[in-house]
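The residues making up each chain are set out below.
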2 protein chains.
Amino acid sequence: MSLDLSSSDSAPTPAGITLAVDCMGGDHGPGVTLSACRAFLERHPDARLVLVGRLEALAAFSHPRATVVAASEVVGMDDPVEIALRKKKDSSMRVAIQQVKDGAAQAAISAGNTGALMAIARYLLKTLEGIDRPAIAPQLPNGKGGATTVLDLGANVDCDAEDLLQFAVLGSALVSALTGNETPTVGLLNVGEEAIKGSETIKKASLLLQEAGRAGALNFHGNVEGNDIFKGTTEIVVCDGFVGNIALKATEGVASMIVDFMRQEFSRGVLSKLAAVVAYPVLKALKGRLDHRRYNGAALLGLRGLVFKSHGSADEWAFGHALDRAYDAARNNLLDRVQERIARAAPLLARSAPVPAPEAAAATHP
Amino acid sequence: MSLDLSSSDSAPTPAGITLAVDCMGGDHGPGVTLSACRAFLERHPDARLVLVGRLEALAAFSHPRATVVAASEVVGMDDPVEIALRKKKDSSMRVAIQQVKDGAAQAAISAGNTGALMAIARYLLKTLEGIDRPAIAPQLPNGKGGATTVLDLGANVDCDAEDLLQFAVLGSALVSALTGNETPTVGLLNVGEEAIKGSETIKKASLLLQEAGRAGALNFHGNVEGNDIFKGTTEIVVCDGFVGNIALKATEGVASMIVDFMRQEFSRGVLSKLAAVVAYPVLKALKGRLDHRRYNGAALLGLRGLVFKSHGSADEWAFGHALDRAYDAARNNLLDRVQERIARAAPLLARSAPVPAPEAAAATHP
């Protein structure tokens, strides 16, 4: 598996990595996050954790490489972004991200409300020069046994061609940091492989990406279709957040329908139940291969600091994967890689912006 | 099953239905279409077929309720739309649609190239007054054991809010014709259920649909998410063709990945192979429930005539379903229902158009 470099000896080994963990976030809170943190510290002897949350919830946790930082509030899973951002200024989510801003941690991880996490991260950390909109980049299992990184998955509903180019640059940096492959392939999600297909925005993005490919800023494969995400045709698939969110949820929907059908069929009558018993090890292996928990931990990219989002329903094992992903990203200098790639693509990012200077472009972007 | 009204006695029984069949279209051509036609004629004693294609390919077919109409050309699955439309004027696809235009048949069915079929149908039949863009509306199996009608699935990549309202009206007419339910529920595909979510186009469409709901033109449920297609939350899901195409292909991708995983897991070692044998009847039942062939036959809606698109890879059974769907739609007066619903929604369709008169709006639409 090329994705798990956490125990690789070939990666550069900077001084120990420190992660800030929002221990209160997610459906389960400290009940899940703390045990995942303990296991994480055992896996990574060079890692330190800053545990953020209510003191009474974290009091029982003690580890020589963990410190606790108090935060009196918790962002609820249903809290509107405005409440999370403007009212709960001492939330565990916000204090965890503040650790990254202050240099006390290289990355923050939260299983809380995605919209709030993105808003607070963007407010505290700001976007990198050359990037107008940060993106959320999860990894989805593919038929090749690896994972496809898809961005944006929901942060930006109205994107233009320049945004899609920025996502391609950000995704390339992420995948190269996580896998060591310096030229991961990028596909542009479209309704057909031909360059003439798609909306006006997509056609323009296709031209920008081709140019970025020629300039060596990224490895552009061309257009890909919805099924290519799961075929693993390219390592990165770029799309706007609206399309990405709907594609992701539609696939979750069809996968859970298939699982429900299987459950129903295998419990229909005595013979089927017997078949289920015989087939159990095979079905278990199948479940393992489809298990999205293995790919838990989506990067928020384009910010002046690393933030990772765990699924809200993550269990200890899944939350541990999100911690590992953040650790790998920090250890492999994701932030430097992102900045390096933005610098390489800078002439294109600037050229395609409405005004020449990238600063001004970022400021005037809708 | 509420979807198959073909053998229902409660439906109105107009004088026999005649369908025009493009016998040359699809991956298999007459080898599949002709045997499906024969079985169809046996199922429907009041039906007649006009078989369109090369005479030598159709010569062997003889049935008292079938006539053959010659067409010397065939639209290839990879033919560009321009070639199909401008060069192949005697194609079986075009001649089949011409039968509908001439009143010789109530609906045309083709398994050929989707882009060409839409372009030729639009060119020959024209759109209905009040409709700017025809849509493709397939049905996808859902977890409730029925099907969700999704439109548009690929005909229109750049849609505005008014287009989405028109799709909702068209989809409602289709579902009421096929199921007898006069108030099928409509969901607007979005990144969240809350009305404030989504792109500017979607937010505007949501307002238009709410208004259409209040006016009694359709039964608007509200926003739905990608997974709701497969939950069967609403009977109709409305989206632009770009999002629809990508969501459909992504779900096909994940479903075929799951099937591949199952095949691999069940053939891994002797015990797994044994498990596969025991589990076979269950897996077969599962396959049947997921079988998209049962839902073959997508309507092209918004035209002044009925056209149905079969999947290109359809086998005899699947093509027969497309024929049945077209038969049901014709038998239940889909075209009248569409016009009725457009009339009911006309004030809204007109009001939201850039110029007051619907004719002018249709003419000036980009």
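Conventions used here
Residues numbered from 1 in each chain as written. Chains lettered and ligands numbered in written order. Predicted model: local features only at pLDDT ≥ 70, side-chain atom pairs only at ≥ 80, totals over all residues. Heavy atoms only, no water. UniProt positions renumbered as here; feature names shortened; annotations may be inferred. Helix = DSSP H or I, 4+ residues; strand = E, 2+ residues; numbered from the N terminus. Rg over C-alpha atoms; globule rule 2.2 N^0.38 Å. Areas by Shrake-Rupley, 256 points an atom, 1.4 Å probe, with all protein chains shown as cover. Lys, Arg positive; Asp, Glu negative; His and termini not counted. Charge placed at Lys NZ, Arg CZ, Asp CG, Glu CD. Phe/Tyr/Trp six-rings, centres within 6.5 Å; stacked < 30°, edge-to-face > 60°. Buried < 20%, exposed > 50% of the residue type's maximum accessible area, 1.4 Å probe, protein only. Salt bridge = Lys/Arg side-chain N within 4 Å of Asp/Glu carboxyl O. Domains from an automatic or database assignment. Contact = heavy atoms within 4.5 Å. Buried area = accessible area lost by both parts, 1.4 Å probe. Pairing = 2+ DSSP bridges. Axes fitted to C-alpha atoms, helices over the stretch in contact; angles between N-to-C directions. Polar contact = N/O pair within 3.5 Å; in protein donor to acceptor, adjacent residues only side chain to side chain. Left-handed = near helix turned anticlockwise from the far one by under 90°. Nonpolar A, V, L, I, M, F, W, Y, C, P; charged D, E, K, R; others polar. Least-squares fit on C-alpha atoms with pLDDT ≥ 70 in both. Disulfide = S-S within 2.5 Å. pLDDT = per-residue confidence, 0-100. Patch = residues over 30% accessible without salt bridge, like charges linked within 9 Å, V, L, I, M, F, W, Y side chains within 5 Å. Core = buried A, V, L, I, M, F, W, Y, C linked by side-chain atoms within 4.5 Å.

If you check an unreviewed UniProt entry, chain A appears there as Phosphate acyltransferase from Xenophilus arseniciresistens. Taken verbatim from the UniProt record of chain A, the Catalytic activity (unreviewed entry) comment is "a fatty acyl-[ACP] + phosphate = an acyl phosphate + holo-[ACP]". Turning to chain A, the UniProt annotation filed under Pathway (unreviewed entry) states: "Lipid metabolism; phospholipid metabolism."

Chemist: Go over the overall build of chain A with me, naming the residues and quoting the values.
Modeler: The secondary structure content of chain A amounts to 13 helices and twelve strands. For 366 residues, the compact-globule estimate of 2.2 N^0.38 gives 21 Å, and chain A sits close to it at 21 Å. Projecting the C-alpha coordinates of chain A onto the three principal axes gives extents of approximately 60 × 55 × 45 Å. Carbon and sulfur atoms form 55% of the exposed surface of chain A, whose accessible area is close to 14400 Å². Here chain A contributes 37 positively and 40 negatively charged side chains, and the mean placements of these two sets differ by 2 Å.

Chemist: How would you explain the packing of aromatic side chains if you had to name every residue and give the values?
Modeler: Each aromatic ring pair is characterised by the separation of its centres together with the angle its planes make. Residue and element names in this part refer to chain A. This model, assessed by the stated rule, comprises two aromatic pairs over all chains. Ring plane angle 75° and centroid distance 5.8 Å describe the contact between Phe40 and Tyr327, whose orientation is recorded as edge-to-face. One end of the pair, Phe40, is in helix α1 (residues 30-43); the other, Tyr327, is in helix α11 (residues 316-331), and 287 residues separate them in sequence. For the residue pair Phe40 and Tyr327, the accessibility class agrees, reading buried in each case.

Chemist: So what's going on with the pattern of salt bridges? Which residues, and what values?
Modeler: Counting across every chain of the model gives 16 salt bridges over all chains. Note that A:Asp46 is salt-bridged to A:Arg331, the shortest N-O span being 3.9 Å. Pair noted here: A:Asp46 is in the loop between α1 and β2 (48-53) and A:Arg331 is in helix α11, with a separation of 285 residues, a long-range link. One salt bridge in this structure joins B:Glu162 and B:Lys204, with 3.2 Å as the shortest N-O distance. One end of the pair, B:Glu162, is in helix α6 (residues 161-179); the other, B:Lys204, is in helix α7 (residues 200-214), with 42 residues separating them in the sequence. Given the relative accessible area of 9%, B:Glu162 is considered buried. Exposure remark for B:Lys204: the relative accessible area of 44% places this residue in the partly exposed category.

Chemist: Give me the domain arrangement of chain A: which residues, what numbers.
Modeler: Residues and elements named next belong to chain A. For chain A, the domain assignment lists domain 1 (1-126 + 303-332) and domain 2 (135-294). The C-alpha centroid of domain 2 is placed 25 Å from the C-alpha centroid of domain 1. Domain 1 puts 14 residues into the contact, and the matching count from domain 2 is 14 residues. Between domain 1 and domain 2, the buried area comes to about 1300 Å², and carbon and sulfur atoms account for 64% of it.

Chemist: Describe the environment of A:Ile120, and please don't skip the residues or the numbers.
Modeler: Residues and elements named next belong to chain A. Its place among the elements puts Ile120 in helix α5 (residues 114-125). On a C-alpha basis, the gap between Ile120 and Val81 in space is 8.6 Å, while along the polypeptide they are 39 residues apart. Apart from residues no more than four positions distant in its own chain, Ile120 is found in contact with Ala84, Leu85, Ser91, Met93, Arg94 and Ile97.

Chemist: Outline the sheet that holds strand β4 (residues 107-110) of chain A, supporting the account with residue identities and numerical values.
Modeler: Residue and element names in this part refer to chain A. If you walk across this open sheet you meet the seven strands as β3-β2-β1-β4-β12-β11-β5, and the pairing is mixed. The sheet terminates laterally at β3 (66-70) and β5 (135-137), the two strands that pair on one side only. If you compare each strand with its neighbour and ignore which way they point, the axes differ by 25° on average. Both β2 and β3 contribute to a ladder of five bridges, which runs parallel. Looking at β3, one finds that Gly53 is bridged to Ala70.

Chemist: I'd like to hear about the interface of chain A and chain B, residue by residue, with values.
Modeler: On the side of chain B, 46 residues touch chain A, which itself brings 46 residues to the contact. Area buried by chain A at its contact with chain B is led by A:Phe242, A:Phe261 and A:Arg289, which between them contribute 15% of it. Counting the contacts that link chain A with chain B gives two salt bridges. Residues B:Lys249 and A:Glu225 are paired through a salt bridge, measuring 2.2 Å at the closest nitrogen-oxygen approach. Summed over the shared surface of chain A and chain B, the number is six residue pairs in polar contact (both at pLDDT 80 or more).

Chemist: Which residues make up the packing of helix α4 (residues 92-101) of chain B against helix α5 (residues 114-125) of chain B, and what values go with them?
Modeler: Residues and elements named next belong to chain B. Interhelical geometry of α4 versus α5 gives an angle of 35° and a closest axis separation of 10 Å. In the crossing of α4 with α5, the sense of the turn from one axis to the other is right-handed. Within the contact between the two elements, α4 uses Met93, Arg94, Ile97, Gln98, Val100 and Lys101 and α5 uses Ala116, Leu117, Ile120, Ala121, Tyr123, Leu124 and Leu125. Partitioned by chemical class, the residues of the contact of α4 with α5 number ten nonpolar, one polar and two charged.

Chemist: I'd like to hear about the relation of the copies chain A and chain B, residue by residue, with values.
Modeler: Structural alignment of chain A on chain B gives an RMSD of 0.0 Å, achieved by rotating through 180° and translating 0.0 Å along the axis. Look at the turn and shift together and you get a two-fold axis relating the two. Of the residues that chain A buries at the interface, 100% are likewise interface residues in chain B, meaning the two copies contact each other through the same surface.

Chemist: Summarise the side chain of A:Thr127; cite the residues concerned and give the values.
Modeler: Residue and element names in this part refer to chain A. Within the secondary structure, Thr127 sits in the loop between α5 and β5. Given a relative accessible area of 18%, Thr127 falls into the buried group. Among the polar contacts made by the side chain of Thr127, one reaches the main-chain carbonyl oxygen of Ile131 at a distance of 3.3 Å. Residues contacting Thr127, with those up to four places away along its chain left out, are Arg122, Asp132, Pro134, Gly302, Leu303 and Arg304.

Chemist: How would you summarise the environment of B:Leu140 if you had to cite specific residues and measurements?
Modeler: All names here are of chain B. On the secondary structure map, Leu140 appears in strand β6 (residues 139-141). Sequence spacing of Leu140 and Leu290 is 150 residues, and the spatial spacing of their C-alpha atoms is 9.4 Å. Those residues in contact with Leu140 that sit more than four places away from it in its chain are Gly146, Ala147, Thr148, Val150, Ile229, Phe230 and Leu248.

Chemist: Account for the state of the cysteines, with residues named and values stated.
Modeler: All names here are of chain A. Tallied over the entire structure, the rule returns zero disulfides over all chains. Looking at the unpaired Cys37, the closest cysteine sulfur is the one in Cys23, lying at 4.8 Å. Relative accessible area serves as the criterion here: at 0%, Cys37 is assigned to the buried category. Its sulfur unpaired, Cys239 is 8.4 Å from the next cysteine sulfur, which belongs to Cys159. In this structure Cys239 comes out as buried when scored by relative accessible area, which is 2%.

Chemist: Explain the confidence of the model for chain A residue by residue, including any values.
Modeler: Residue and element names in this part refer to chain A. The predicted model of chain A has a mean per-residue pLDDT of 86, with 90% of residues at 70 or higher. The low-confidence segment residues 1-14, where pLDDT is below 50, has 31 contacts with residues more than four positions distant or belonging to other chains. Taken together, the stretch residues 351-366 has pLDDT below 50 and engages in 20 contacts with residues farther than four places along the chain or on a different chain.

Chemist: Outline a nonpolar patch on the surface, supporting the account with residue identities and numerical values.
Modeler: Judged by side-chain polarity, A:Leu271, A:Leu274, A:Val278, B:Leu271, B:Leu274 and B:Val278 come together as a nonpolar surface patch covering roughly 580 Å² of accessible area. Relative to the elements of secondary structure, A:Leu274 occurs in helix α10 (residues 269-290).

Chemist: Tell me about the nonpolar core, and please be specific about residues and values.
Modeler: Judged by nonpolar contacts, the single largest core of 189 residues is most densely connected at A:Leu51, A:Leu334, B:Leu51, B:Phe266 and B:Leu334. The two domains that each donate at least three residues to this core are domain 1 (1-126 + 303-332) and domain 2 (135-294) of chain A. If we skip the residues at most four places from it in the chain, B:Leu334 touches B:Ala173, B:Leu174, B:Ala177, B:Leu301, B:Leu306, B:Phe308 and B:Ala329.

Chemist: I'd like a description of the sheet that holds strand β7 (residues 147-151) of chain A, backed by residues and values.
Modeler: Residue and element names in this part refer to chain A. If you trace the five strands from one edge of the open sheet to the other, you get β6-β7-β10-β8-β9, paired in mixed fashion. Both outer strands of the open sheet, β6 (139-141) and β9 (219-224), are each paired with one neighbouring strand and no more. Ignoring which end each strand starts from, the neighbouring axes of this sheet average 30° apart. With three bridges joining them, β6 and β7 adopt antiparallel strand pairing. Residue Gln139 lies in a different strand from β7, and its bridge partner there is Thr149.

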